[in-house]
Every structure is written in C-alpha cells, then in structure tokens.
Amino acid sequence: MSAAELRGIPAAGGVAVGRAVVLFEPEAEAGGAGGERARADALAALDAVAAELDERADALRREGLAAEAEILAANALMASDPVLREEVAALALDVPAAIALRRAADRHAALLAALPDPLLAARAADVSELGRRAARRLAEPTPPLQADGPAIVVARDLGPAEVAELRDARALHVRGLALASGSATSHAAIMARSLGLPMAVGLGDGLLAVEDRGTLVLDGDRGRLYVEPDEATEAWGRSTMAWEEDLRRTLAAGRSLPAVTRDGEAVALLCNAGTAAEVKAGLAAGAEGVGLLRTELAFLEANAWPGEEEHVQALAPVLEPLRGRLATVRTLDFGADKTPPFLEGTPTRGISLLLEHPDALAAQLRAILRAGQAVRLRVLLPLVESREQLREVRALLHDAAAAVGVAVPPLGAMIETPLAAARARELAAEADFLSIGTNDLVQYTLGLDREAPLATVRTAADPAVLRHVASAGVAAAAVGVALEVCGEAAGIPPLAALFVGLGVGELSTAPARLDEIRAAVRGLSAAQARSAARAALDDPDAAAVLARAEVLLSELGDEIREAVGRRGGVVA
Ligand code: PEP
Ligand code: MG
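Residues numbered from 1 in each chain as written. Chains lettered and ligands numbered in written order. Predicted model: local features only at pLDDT ≥ 70, side-chain atom pairs only at ≥ 80, totals over all residues. Heavy atoms only, no water.

1. Considerations on the sheet that holds strand β10 (residues 289-294)
At step 1: Strand order in the closed barrel formed by eight strands is β9-β10-β11-β12-β13-β14-β15-β16, and the pairing between neighbours is parallel. Averaged over neighbouring strand pairs, the angle between their axes works out to 25° when direction is ignored.
At step 2: In this structure, strand β15 (residues 482-485) lies alongside strand β16 (residues 506-509), joined through two bridges in parallel fashion. By the bridge assignment for β16, Glu484 is matched with Glu506.
At step 3: The strands touched by helix α10 (residues 276-284) are β9 (268-273) and β10; relative to β9, the strand with the most contacts, the crossing angle is about 160°.
At step 4: On the sheet, helix α14 (residues 387-404) packs against β12 (376-381) and β13 (411-415) and is oriented at approximately 150° with respect to β13. (Pairing = 2+ DSSP bridges. Helix = DSSP H or I, 4+ residues; strand = E, 2+ residues; numbered from the N terminus. Axes fitted to C-alpha atoms, helices over the stretch in contact; angles between N-to-C directions. Contact = heavy atoms within 4.5 Å.)

2. Some words on the nonpolar core
At step 1: Core analysis: the biggest nonpolar cluster contains 95 residues, and Leu319, Leu434, Phe499 and Leu507 have the highest contact counts within it.
At step 2: Considering each element in turn, this core owes the most residues, seven residues, to helix α19 (residues 463-479).
At step 3: Ranked by size, the runner-up nonpolar core spans 61 residues in total, among them Ala42, Leu43, Leu91 and Ala124. (Core = buried A, V, L, I, M, F, W, Y, C linked by side-chain atoms within 4.5 Å. Buried < 20%, exposed > 50% of the residue type's maximum accessible area, 1.4 Å probe, protein only.)

3. Observations regarding the packing of helix α3 (residues 82-92) against helix α4 (residues 97-113)
Angle between the axes and distance between the axes are the two parameters that describe a pair of packed helices.
At step 1: One can describe the packing of α3 onto α4 by two numbers: an axis separation of 8 Å at closest approach and a directional angle of 140°. Taken together, α3 and α4 sit at an angle that is classed as oblique. Considering the relative orientation of α3 and α4, their crossing is right-handed. Each of Val83, Leu84, Glu87, Val88, Leu91 and Ala92 in α3 lies in contact with α4, whose residues at this interface are Ala100, Leu101, Arg103, Ala104, Ala105, Arg107 and His108.
At step 2: The residue makeup of the contact of α3 with α4, split by class, is nine nonpolar, one polar and three charged. (Parallel < 35°, antiparallel > 145°, perpendicular 65-115°, else oblique. Left-handed = near helix turned anticlockwise from the far one by under 90°. Nonpolar A, V, L, I, M, F, W, Y, C, P; charged D, E, K, R; others polar.)

4. Examining the site of ligand 1
At step 1: Close to ligand 1 lie 14 residues, the nearest being Arg294, Arg330, Lys338, Glu416 and Asn439.
At step 2: One of the side-chain N or O atoms of Arg294 is found 2.7 Å from an oxygen atom in ligand 1.
At step 3: Protein coverage of the free-state accessible area of ligand 1, which is 290 Å², stands at 97%.
At step 4: A total of three residues in the shell around ligand 1 trace back to one element, the largest contributor, which is helix α17 (residues 438-446).
At step 5: Among the residues making up the shell around ligand 1, the classes are represented as three nonpolar, four polar and seven charged. (Near = heavy atom within 4 Å. Polar contact = N/O pair within 3.5 Å; in protein donor to acceptor, adjacent residues only side chain to side chain. Areas by Shrake-Rupley, 256 points an atom, 1.4 Å probe, with all protein chains shown as cover.)

5. With respect to the coordination of the magnesium ion (ligand 2)
At step 1: Taken together, the protein ligands of the magnesium ion (ligand 2) are Glu416 (OE) and Asp440 (OD), with distances of 2.0 Å. Residue Glu416 is found in the loop between β13 and α15 (418-422), and its partner Asp440 is found in helix α17; the two are separated by 24 residues along the sequence. With respect to burial, Glu416 and Asp440 carry one shared label: buried. (Donors = N, O, S within 2.8 Å, 3.2 Å for Na, K, Ca; no water.)

6. Re the sheet that holds strand β4 (residues 150-155)
At step 1: Strand order in this open sheet of eight strands is β1-β8-β7-β3-β4-β5-β6-β2, and the pairing throughout is mixed. Either end of the sheet is taken by a strand with one partner, and the two such strands are β1 (4-7) and β2 (9-12). Strand-to-strand, the axes of this sheet are offset by a mean angle of 35°, without reference to chain direction.
At step 2: Both strand β7 (residues 215-219) and strand β8 (residues 224-227) contribute to a ladder of four bridges, which runs antiparallel. Residue pairing across strands places Leu216 opposite Val227, the latter belonging to β8.
At step 3: Contacting β2, β5 (173-179) and β6 (199-201), helix α8 (residues 187-195) runs over the sheet at an angle of about 55° to β2.

7. Focus on the pairing of strand β3 (residues 15-22)
At step 1: Counting buried residues along β3, seven of its eight residues qualify, which places the element largely inside the surrounding structure.
At step 2: Summarising the sheet, β3 and β7 pair through five bridges and their orientation is antiparallel. Looking at β7, one finds that Val17 is bridged to Val217.
At step 3: The pairing of β3 with β4 spans four bridges and is parallel. The residue of β4 that forms the bridge with Arg19 is Ala151.

8. Here's the deal with the pattern of salt bridges
At step 1: Scanning the entire structure with this criterion turns up 44 salt bridges.
At step 2: The shortest N-O distance in the salt bridge between Arg85 and Asp47 comes to 3.0 Å. A residue pair is termed long-range when its members are at least 10 positions apart, and Arg85 in helix α3 and Asp47 in helix α1 (residues 36-62) qualify at 38 residues.
At step 3: Taking the relative accessible area as the measure of exposure, Asp47 reaches 41% and is therefore partly exposed.
At step 4: A salt bridge links Arg349 to Asp333, with the shortest nitrogen-to-oxygen separation between them at 3.4 Å. In this pair, Arg349 sits in the loop between β11 (326-330) and α12 (350-355) while Asp333 sits in the loop between β11 and α12, placing the two residues 16 residues apart along the sequence. (Salt bridge = Lys/Arg side-chain N within 4 Å of Asp/Glu carboxyl O.)

9. Quick look at the confidence of the model for the protein chain
At step 1: The pLDDT averaged across the protein chain works out to 89; a share of 92% of its residues lies at or above 70.
At step 2: Low pLDDT, under 50, characterises residues 566-572; the stretch is placed with 23 contacts to residues that sit more than four places away or in other chains. (pLDDT = per-residue confidence, 0-100.)

10. Remarks on the domain arrangement of the protein chain
At step 1: Each domain of the protein chain was delimited in the assignment, giving domain 1 (4-23 + 145-233), domain 2 (36-138) and domain 3 (263-571).
At step 2: Between the C-alpha centres of domain 2 and domain 3 there is a distance of 32 Å. (Domains from an automatic or database assignment.)

11. Focus on the environment of Gln364
At step 1: On the secondary structure map, Gln364 appears in helix α13 (residues 358-371).
At step 2: Judged by its relative accessible area of 0%, Gln364 is buried.
At step 3: Each C-alpha atom, one on Gln364 and one on Pro306, is 8.0 Å from the other, the two residues being 58 residues apart in sequence.
At step 4: There is a polar contact of 3.0 Å between the side chain of Gln364 and the side chain of Thr295.

12. Details of unusual backbone geometry
At step 1: Despite not being glycine, Arg213 shows a phi value in the positive range, around 75°.
At step 2: With respect to the helices and strands, the residue Arg213 is situated in the loop between β6 and β7.
At step 3: Its relative accessible area of 38% is what places Arg213 among the partly exposed residues.
At step 4: Phi angles above zero are rare outside glycine, and Glu228 is one such case at about 45°.
At step 5: Examined against the element boundaries, Glu228 turns out to sit in the loop between β8 and α9 (231-253).

13. Quick notes on α10
Each turn of an α-helix holds 3.6 residues, which means side chains three or four residues apart point in the same direction.
At step 1: All of the buried residues along α10 are Glu278, Val279 and Gly282. Taken down its axis, α10 places every buried residue within 100° of arc, on the same side. Projecting away from the buried face of α10 at angles above 90 degrees are the exposed residues Lys280 and Ala284.
At step 2: Turning to α10, the residues buried within the fold contact α1, α2 (66-78), β9, β10, α11 (308-319) and α21 (514-522).
At step 3: Directly after α10, the chain includes Gly286, whose backbone phi takes a positive value near 95°. (Arc of directions from axis to C-beta.)

Shown next, in the form of structure tokens:
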C-alpha cells in the first residue's frame, strides 16, 4: 500500500513511528483429525492457556498493575467455563483440536458481540484470544517476531494478554498497535492505555494490506494511521514521540515535589497495592504511603478462611518497605468477582461476609496488628453499610490489640454504595476515617455490571456519583475525620481535581498514575476546585462535569495539561 491515511477510533493516546509488523492470524487448517485424542489435546491446550494467563497476571501484579492483572485472571477463568469446554470437546470429536478451539471460541465471541451491552460485547475479543492462543499451542512453533528498530504491530484484533506480551517481546521493540477491528472499551485497549502503548482500533480491513516492514505513523489520540507517510508527516510523528518522552521525564522529575495546591493546600498522595512490588513501585513514584492494601488478592484460590499465621506471612513482606510510613490495610474483601472456591455461591460481600465469620475476622485483625508494628497502621473495612458493623469490628479490634499487646489503630469505613453515602454522617461519627471506593460506587450508583471494565472517566464523572462523594465530604468535614478516595477515579486528573474540591484530602491510586496526579494537584487552586465541584453537582451529565474539570486544570503548564487530559480513562 502506498501513502495513505487510515481512519479509525482512538483507543490509547500517544504517537508512534515505526515499521509495520503484520500479525497474520493462524489459519484454522491444522493437521490431525477429530477424535478422542483431539478432544484431550484441545482441553489440555485450554488448561495450558489458563496457566499462562495466570502467570502473566502475576507478572502484571508485580508491576503494580493490579486491575489489568485481574482482567487476565478473569480470562484464565473463562478457559474453564464448562459451556465453552463442552463445546470444544464435542467439536473436537469431529474436527482437529485447533479447529475445534477456534470455532467454539469464535462462536462464543459472536454471541457476546451481538449483545446490546457494549461492555459485554467488548469481551468478545477476549474469548477469541483464548481460542487463538489455545490453537496456537497445538500448531507448529513459529519463529518469534522480529524487526530492526521500533515496530508498530498491525493485526485484525488482539486480546489483552497479547497486548501485554507484545510490550514485553524481546526481539521486537513495540511502540504502537493498529487494529483492523476492535473497540476502545475492550480489555486490550485498557491494557494498552495502562502500558502506555498508543493504539488505534477499527481501522478497517484495508489495514491488513499494509506492507510488512513499511513505515507507519500512528496517532493514538485521533485514531489515525499514516501508511508510507510523506516526509512532513513522518517528521511530525518523530518530534511528537520525542516530546512525549520528554514529558514523561518532566512528570517523573517532579516526584520530590510536595503535592500542594497553588493556594497551599496539601493533598496526601498514596498508592494502592496488593504486593510488595506494588508498594515499592508506589514509593519510588513518590507515594507517602499506602492508602489501600488489598489483602484478598493473596487468597483468591483459598480453600478455607486463611488463618492468623497465613495472614502474617502474606502481609509481612508487603508491609516491610513501609517502615514508619502510613499503611492502610483493608480486611478481606471476598465476594462477587473476588470469591475464592470455598465461598462459591455466597450472596454477601465485604465486611458483611466477614462479620458472618467473626473468628476469621478476628484472626486477620490479630495478624494485621502483629505484622503492622513498624508502620503507621490504619485498618480499613470494605463495603461498610451501617454503624453497627463498625461497632462490632471495633470491639473485635480492641480484643485483638489486647491479645497482641499493641495500641488500637484508626479504623476506617469504605463508602462504596449509595446506601453508605446516604449514611456517611453516621458512619463518619463511628469511624476514624472514610475512604471512597469509586470502582464499586460507580457500579452500584449507575447500575453497571460488577464485571464491567474499570471506572472510566465518563462513568465516574456522572453527577450522581459526584453527589455521593460530596455527601461523604460533608460528613467527614462535619465530624473532623480524614477522607480519601482509593478507586481508579483517584488516578484520573480531572476527577482527582473535583474530589479535592469536594473535601478529599487523600488520593490513593496505582503507582503508575502518581506522577500525573501530583502535577494536577500542584496546578490546582483548591478554592476554584471547591466552587467548580459544587457547581458540578447540578450539572446535567458527565460531559458537562468534565468540561468544568478541564477549566480547573487550565493553570497547568500547557504541555502537562495536554498530556494529563489525554491519558487515563479515555474510554467514552
Ligand atoms: C473500589 O471499589 O473502588 C475499591 C477501591 O475497592 P476494590 O476495587 O478492591 O473493590
Ligand atoms: Mg470495592
């Protein structure tokens, strides 16, 4: 294909220049035949893919990308979906294993793609990826992809694990991704944004005709791909890429600067973590401590409630790097999408579930107090809904402190449901601090599926969600307790700015988001944030709220503002 501009949909911001590396889909014409052997091979390939996805999820978790790791872990679980497996098994009796895998997965993907809910439809790519990966395991090994210099990978579609793999591919320096189909809400797009890989999707079948190794300029902000670009376009691409690299360095260089607004209000910048690696990444990015330590992630495969010693063993290495610093340890948040096998089918979640098993809760509280002696400990309870719950836990916490021989640490309540927001005043009166979990709050407020992708800029900017944050802000101020936000929205600059305006004094987010949030806080006037946030509560929709927030960030240096506005939560 000679000079051409392909128009698609922006999925991950940033500009990249590189050589095309075209990924051809393996044709489903694998050798062999159907039968018992094919059936066993196909099912074994699905098991192997599940193990591989779990391994990659662990690697992402170590990098501080917990939410992205959960996407892959969920896809690993999909490989054990009995309906999919039965279909694969039945087909493989008649056709070769690789074909059975592709057909069954593609059929499931087609069913999902036809659903009216765009979020569910976007999972179709994940199912196709499963089939593709499993089929690939049965095919002849192909030589690893290679290219001299930076590469832009061109493919029909990709799944989230493939995106993560491409970023790590040794022989390939991948700078961007261009897809013929795909969607901006897919897990692959979320992964690309988290990994900082520019991506355009929906570029159309014409994309697949680009020449392997030809020069491409990808504009992930506008969803454009320039094939064999003219000199001026290529020069623009190269200089933009260099400018973005500089910007990343500028943001990172601000790590030693305090997170204080222009009018002198300090905001505590904390990180969310589940592993020691995430804690270290957060501290390296300038976090003052941990605002949310998720303890359930270590026990998602458990067959029984973890005992005190198991908790200590899991916690000690994670708390070790936090000596002398704030560590907010949340008790187990089992239930819903975080249900270990032994709790399968349980209808309750969070602290309600723990209070149905007080011995398990007491064991965890003792473990937290034992492991947390060298840190500034706070204990946080998930999905709190009533002050009675706080009273019950406080009694257990007192007993635990007496048993361990330490002082009773501050006890906090998460505000994650509309009910908790409505009761914020009474919860604040009973708690030592409040923490808003926007991931759940967005889903419960807007009636979204718990499995929907991460809080996006538009869902979390909904005035109905902001009004719940405002209730918590008023309650915390009235009683004089600290208020933090620890959901994904705390890592999205315009939303973080509004949260500060609503009285939030602590922002806890993924380590990778800290540089931008610090820049946003430093560019903000807290007084302006307060009036903008108040006005936003009466806005008709998220778009109006975001327009206000953009004005708030207008005092940031031009370069930083542009980058901050562009990255993070671009999902519509
Ligand atoms: C939240 O719901 O925003 C939160 C931080 O908790 P989790 O994501 O662990 O449910
Ligand atoms: Mg939650």
